[in-house]
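Coordinate inspection notes
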Amino acid sequence: MNVATVDGVPVEVEEIDAREAQLRASRLAASLPRPGTSEGRQLRRWLTQLLVTERVVAAEARVAGLSADGAPTEVDLLPDTVTRLEIGSVAASVLADPLARAVFASVTADVDVTAEDVASYRERNPLRFKDADAVADHLRGAARRRAFRRWLDARCAAVVELAPGYEHPGDPRQPDNTHRH
């Protein structure tokens, strides 16, 4: 059974089973939801998102002729917990792979901030950073994460089709969604 397709290439349920088994055999096992529960199905949806996103990123790397050589470090792109939350758990997990970080660098190479952006930030946050270079680095990092996330969302929307039962964990149409307002 296929849980998804990425650019027409199937992702089989056995791949999700294997990913889940690997996770359940890790040091994180005690913190995972029980299989077959609503939360357990949400975990499988999340694993599906991760797997299809990895494939989307790998395809981009192939098309762009990228390699992991010279890729930024994970800490360069995601220096703290806040930035991991900002970019989202799937994107943050994908960026553990150096090839994905090379794609990030390629996709966001032209993203920058203006002197006006820096001045405005310094005016609103006068005690946060010592100098304008630190502010520019901070703003540039945030802008690049946003650009990567927008690119990733657009690419996934264009080439990923999910099977019923494997919708995004946050999709309000799926029965296990618990995100309420």
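Look up: the structure comes first, before these words.
Now for a look at the structure at hand. A quick note: this is a predicted structure, and the numbers were derived from the prediction, not measured. (Residues numbered from 1 in each chain as written. Predicted model: local features only at pLDDT ≥ 70, side-chain atom pairs only at ≥ 80, totals over all residues. Heavy atoms only, no water.)

1. Quick word on the sheet that holds strand β3 (residues 160-162)
Applicable threshold: Strand pairing is assigned whenever DSSP detects at least two bridges linking the two strands. Secondary structure counts use DSSP, requiring at least four H or I residues in a row for a helix and at least two E residues in a row for a strand, with both numbered from the N terminus. In this description, a line fitted to the C-alpha atoms serves as the axis of each element, helices being fitted only across the stretch in contact, and the angle between N-to-C directions of two axes falls anywhere from 0 to 180 degrees.
Read across the open sheet, the three strands follow the order β2-β1-β3; overall the sheet is antiparallel. Looking at the sheet topology across the chains shown, the edges are occupied by β2 (9-12) and β3. The sheet shows a mean angle of 25 degrees between the axes of neighbouring strands, direction not considered. Two elements, strand β1 (residues 2-6) and β3, share three bridges in a ladder whose sense is antiparallel. Counted as the bridge partner of V6 is V160 from β3.

2. Concerning helix α8 (residues 132-159)
Rules: For a helix, the expected span equals 1.5 Å multiplied by the residue count minus one. The term polar contact refers here to a pair of N or O atoms within 3.5 Å; inside protein, the definition further demands a hydrogen-donor-capable atom paired with an acceptor-capable atom, and it admits residues adjacent in sequence only when both atoms are side-chain atoms.
With 28 residues, α8 ought to run about 40 Å at 1.5 Å a step, and its terminal C-alpha atoms sit 40 Å apart, in line with that. By the N-cap criterion, in which a side-chain oxygen at the helix start approaches the backbone nitrogen of a residue two or three places on, α8 is capped by D131, the distance to D133 being 3.1 Å.

3. Focus on the nonpolar core
Inclusion rule: We define a nonpolar core as any set of buried Ala, Val, Leu, Ile, Met, Phe, Trp, Tyr and Cys residues linked to one another through side-chain atoms lying within 4.5 Å. Any residue under 20% of the maximum accessible area for its type is buried, any over 50% is exposed, and the rest in between are partly exposed; the area is computed with a 1.4 Å probe on protein chains only. Residues count as neighbours in contact if any of their non-hydrogen atoms are within 4.5 Å of one another.
Counting residues in each nonpolar core, the largest one holds 34 residues, and the members touching the most others are I87, L95 and F148. The element contributing the most residues to this core is helix α2 (residues 38-64), with eight residues. Leave out the neighbours within four places in its chain, and F148 touches I87, L95, V103, F104 and T108. In this structure, V118, V135, A136 and A147 belong to the second largest nonpolar core, which totals nine residues.

4. As for helix α1 (residues 13-24)
Basically, it comes down to this: Arc definition: it is the arc formed by the directions from the helix axis to the C-beta atoms.
Over its 12 residues, α1 extends 16 Å from the first C-alpha to the last, a length consistent with the 16 Å expected when each residue adds 1.5 Å. Those residues of α1 lying buried are V13, I16, E20 and L23. All buried residues of α1 fall inside an arc of 85 degrees around its axis, so they share one side.

5. Concerning the packing of α2 against helix α6 (residues 98-107)
Defined as follows: In this scheme, a crossing is called left-handed if the near helix is turned counterclockwise away from the far one by less than a right angle; it is called right-handed if the turn is clockwise.
Where α2 contacts α6, the two axes come as close as 9 Å, and the packing angle between them is 65 degrees. Crossing angle aside, the handedness with which α2 passes α6 is left-handed. Where α2 abuts α6, its residues V57, E60 and A61 lie against L99, A100 and V103.

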